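Here are the chains, one letter per residue:
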Amino acid sequence: MTPIAERPPENTGTPATDGSRPPVTRRALLRRAGLGAAAVLVVGTGAIGYRAYDNGVFSAGTGMAYDPWRSWQDHRGTPLGMVAAAILAANAHNAQAWIFRVSDLRIDLYADRSRGTGALDPFRREMLVSLGCAIENCVIAGEEGGLQSTVTLRPDDARPLHVARLDLRRAAAATPGLYAQIPERHSSRDAFEVGRAVPAGALRSMAALGEGDLDEVRVVWFADDAGRRRVGDLMAAATEAVVADRDQARENDVWFRQDWDEVQRLRDGLTIDASGLSDLVAALAKVLPAQSDASLDAAWVTGMRERQIGTAAAFGIVTVPDAGDDIQRLRGGRALQRIHLWATREGIALQHMNQLTERADRERELGIAPRFTDALRTLVPAGREALVAFRVGYAKDAPVASPRRALESVVPA
Ligand SMILES: Cc1cc2nc3c(=O)[nH]c(=O)nc-3n(C[C@H](O)[C@H](O)[C@H](O)COP(=O)(O)O)c2cc1C
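Residues numbered from 1 in each chain as written. Predicted model: local features only at pLDDT ≥ 70, side-chain atom pairs only at ≥ 80, totals over all residues. Heavy atoms only, no water.

Q: Explain the site of the ligand here, please?
A: The environment of the ligand is made up of 20 residues, and the closest members are R185, S187, R189, N354 and R404. Note that an oxygen atom of the ligand is positioned 2.9 Å from one of the side-chain N or O atoms of S402. Interatomic distance of 2.7 Å between a side-chain N/O atom of R404 and an oxygen atom of the ligand. At a threshold of 2 Å from the grid points, most atoms of the ligand map onto the largest cavity. Counting residues per element, the ones that place at least two in the shell around the ligand are α5 (125-144) and β9 (349-352). Among the elements that make up the shell around the ligand, the one with the highest residue count is α5 (three residues). Per-class residue counts for the shell around the ligand are six nonpolar, ten polar and four charged. (Near = heavy atom within 4 Å. Polar contact = N/O pair within 3.5 Å; in protein donor to acceptor, adjacent residues only side chain to side chain. 1 Å grid on protein atoms, 1.4 Å probe; cavity = no way out; pocket = protein on both sides within 12 Å on 5 of 7 lines; lining within 4 Å. Sits in = over half its atoms within 2 Å of the grid points. Helix = DSSP H or I, 4+ residues; strand = E, 2+ residues; numbered from the N terminus. Nonpolar A, V, L, I, M, F, W, Y, C, P; charged D, E, K, R; others polar.)

Below, the structure is given as structure tokens:
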């Protein structure tokens, strides 16, 4: 089978204009602030009131960029309604690299290569997992609305961008299952409650969601002190390596949306509001001036270590036999989305955390020492490969929605 990922990506959203890492821009500042640098910010003396308005400080989660979360049931019980659910799925960097073709009883899903995330995903691992997440939402919404899906992954070997075909047939509407969680699920980047463990039974139930018809997919948990420390230290080291890699750091910036206008215009990417800051710090992050590159990088890693890694109740790694196989990536994505929806129903917060695999893929791309590739191997059982990772726990505050492009933008006429 021709992997979708053989060629490096040629388009990365909103590319930088030259080949160098940009100076510290407000975008870089805010992206990093969102990941924990707020402590190093200093209050500027400018017209903060005006900038607060300009940057949408008082309007988090409102506006057309968030409409898809409100209108997703408008086409309930139809193939278009299934797509409306699909686009609410988790997806790497919120790049929304999907295109859907919809007919009476069929949905075809294509990868949108123009929305790749460059050096962060050189072999399109995350893109395929994200498309798997979208398929899962699609299937769940169909079942609830009386449309049963037969899913064929990578239906045409000659067309690697055609990642799935869903043949639909009318059936009795199924019990809602995880349907109600589709608009409730969000990525949780805030600090979790320290010392509150996720019950072993819940971890087992989440792992079981990868089995059954998705087979191949398993979850390895790191829930005790030693396991969390081991994975957490590696994640922090991988984050430092991402920061130190000019192209990966720049790509992170490319997908960071810094103000209200940008969020409403592009309707994708990561926002300050979804970064897990307190309301006050998020508001400050929108209006404060830039810091030096080095202090921001250091603060990002420190913040991540303290707020995200340090408060995780457990880390999960999704494994498959071959993480380079497109079909297994898609199945892994389906399982991941199901796990996230299930966790949402149980009040368990989840944040995807993928610096480790991003570094492993980068090592392969550049042919450099396999530091994180080797480290990942030690974390998973023999015969399995790490696909993606995440943390779970109990959030203090409910996570907020991130923007989505309109249905019409992803379903060409
Ligand atoms: C394959 C994959 C990788 C991701 N990696 C990360 C990550 O490393 N860090 C993070 O904070 N979020 C990560 N995410 C979460 C996305 O950024 C998130 O799903 C997206 O911004 C949309 O937001 P939502 O999940 O709240 O709808 C990942 C999601 C997927 C599906």
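Q: Looking at this structure, I do not really get the sheet that holds strand β10 (residues 385-393). What am I missing?
A: Picture the strands of a sheet paired through backbone hydrogen bonds; they go either parallel or antiparallel. Strand order in this open sheet of four strands is β5-β8-β10-β9, and the pairing throughout is antiparallel. Each edge of the sheet is formed by a strand with only one pairing partner; in this case those strands are β5 (218-222) and β9. Each neighbouring strand pair of the sheet contributes to a mean axis angle of 30°, computed without reference to strand direction. Here β5 runs beside strand β8 (residues 314-320); their pairing, made up of five bridges, is antiparallel. In the strand pairing of β8, F222 is matched with F315. (Pairing = 2+ DSSP bridges. Axes fitted to C-alpha atoms, helices over the stretch in contact; angles between N-to-C directions.)

Q: Would you take a moment to explain empty space enclosed by the protein for this structure?
A: Here the structure, examined in full by the defined rule, presents seven cavities of 30 Å³ or more. Here the largest cavity is characterised by a volume of approximately 650 Å³. A92, H93, R189, L270 and H352 are, among the 39 residues lining the largest cavity, the residues nearest its centre. Taken together, the elements giving at least two residues each to the lining of the largest cavity come down to α5, α11 (293-309), β9, α13 (355-366) and β10. (Points joined across faces, edges and corners; volume = space filled by probe spheres on them.)

Q: Looking at this structure, how should I read the packing of α5 against helix α12 (residues 326-345)?
A: A pair of packed helices can be characterised by two numbers: the angle between their axes and the separation between those axes. Two numbers describe how α5 lies on α12: the axes approach to 6 Å, and their chain directions differ by 55°. By the criterion of interaxial angle, the relationship of α5 to α12 is oblique. The interaxial crossing formed by α5 with α12 has right-handed handedness. Taking contact as the criterion, the partners of R125, L128, V129, L131, G132, C133, I135, E136, N137, V139 and I140 in α5 are, on α12, D326, R329, L330, G333, R334, L336, Q337, R338 and L341. Here the residues of the contact of α5 with α12 are counted per class, giving ten nonpolar, four polar and six charged. (Parallel < 35°, antiparallel > 145°, perpendicular 65-115°, else oblique. Left-handed = near helix turned anticlockwise from the far one by under 90°. Contact = heavy atoms within 4.5 Å.)

Q: Would you mind going over the pattern of salt bridges with me for this structure?
A: Pairing of side chains with opposite charge becomes possible as their charged atoms draw close. Considering all chains together, one arrives at 25 salt bridges under this definition. A salt bridge links E136 to R338, with the shortest nitrogen-to-oxygen separation between them at 2.9 Å. Taken together, the residues E136 in helix α5 and R338 in helix α12 connect sequence positions 202 residues apart. Both residues of the pair, E136 and R338, belong to the buried class. In this structure, R159 and D156 form a salt bridge, with 3.4 Å as the shortest nitrogen-oxygen distance. In this structure D156 comes out as partly exposed when scored by relative accessible area, which is 28%. Three or more residues joined by partner-sharing salt bridges are found here, namely D245, R246, D247, R250, R359, R362 and E365. (Salt bridge = Lys/Arg side-chain N within 4 Å of Asp/Glu carboxyl O. Buried < 20%, exposed > 50% of the residue type's maximum accessible area, 1.4 Å probe, protein only.)

Q: How should the pairing of strand β4 (residues 162-170) be read in this particular structure?
A: In the case of a regular strand, side chains alternate between the two sheet surfaces. Where strand β2 (residues 106-111) meets β4, five bridges bridge the pair, whose relative direction is antiparallel. From the neighbouring strand, Y110 faces β4, where its bridge partner is H162. Looking at chain direction, strand β3 (residues 147-153) and β4 are connected through seven bridges and run antiparallel. Each bridged residue has a counterpart across the sheet, and for V151 the counterpart in β4 is L166.

Q: Just to check I follow, could you spell out the side chain of S402 for this structure?
A: Mapped onto the fold, S402 is located in the loop between β10 and α15 (407-410). In terms of polar contacts, S402 uses its side chain to reach the side chain of R404, at 2.8 Å. S402 has contacts with Y66, W69 and N94, leaving out every residue within four places of it along the chain.

Q: Explanation requested: helix α7 (residues 225-244) in the structure shown.
A: Two residues of an α-helix separated by three or four positions point the same way, owing to the 3.6 residues in each turn. Here α7 spans 28 Å end to end across 20 residues, near enough to the 28 Å set by a 1.5 Å rise per residue. Of all the residues in α7, the buried ones are G227, V231, G232, L234, M235, A236, A237, A238, T239, A241, V242 and V243. (Expected span 1.5 Å × (residues − 1).)

Q: How do you make sense of the packing of α7 against α13 when you look at a structure like this?
A: Across the interface, α7 lies against α13 with an axial gap of 8 Å and an inter-helix angle of 55°. By the angle class used here, α7 and α13 are oblique. Relative to α13, the crossing made by α7 is left-handed. Packed against α7, whose contacting residues are L234, M235, A238, T239, A241 and V242, the element α13 presents Q355, L356, E358 and R359 at the interface. Residues that form the contact of α7 with α13 fall into these classes: six nonpolar, two polar and two charged.

Q: Can you help me understand unusual backbone geometry in this one?
A: Even without glycine at this site, H93 takes up a positive phi of about 60°. Notably, R124 is not glycine yet its phi reads approximately 60°, a positive angle. As for its position among the elements, R124 is in the loop between β2 and α5.

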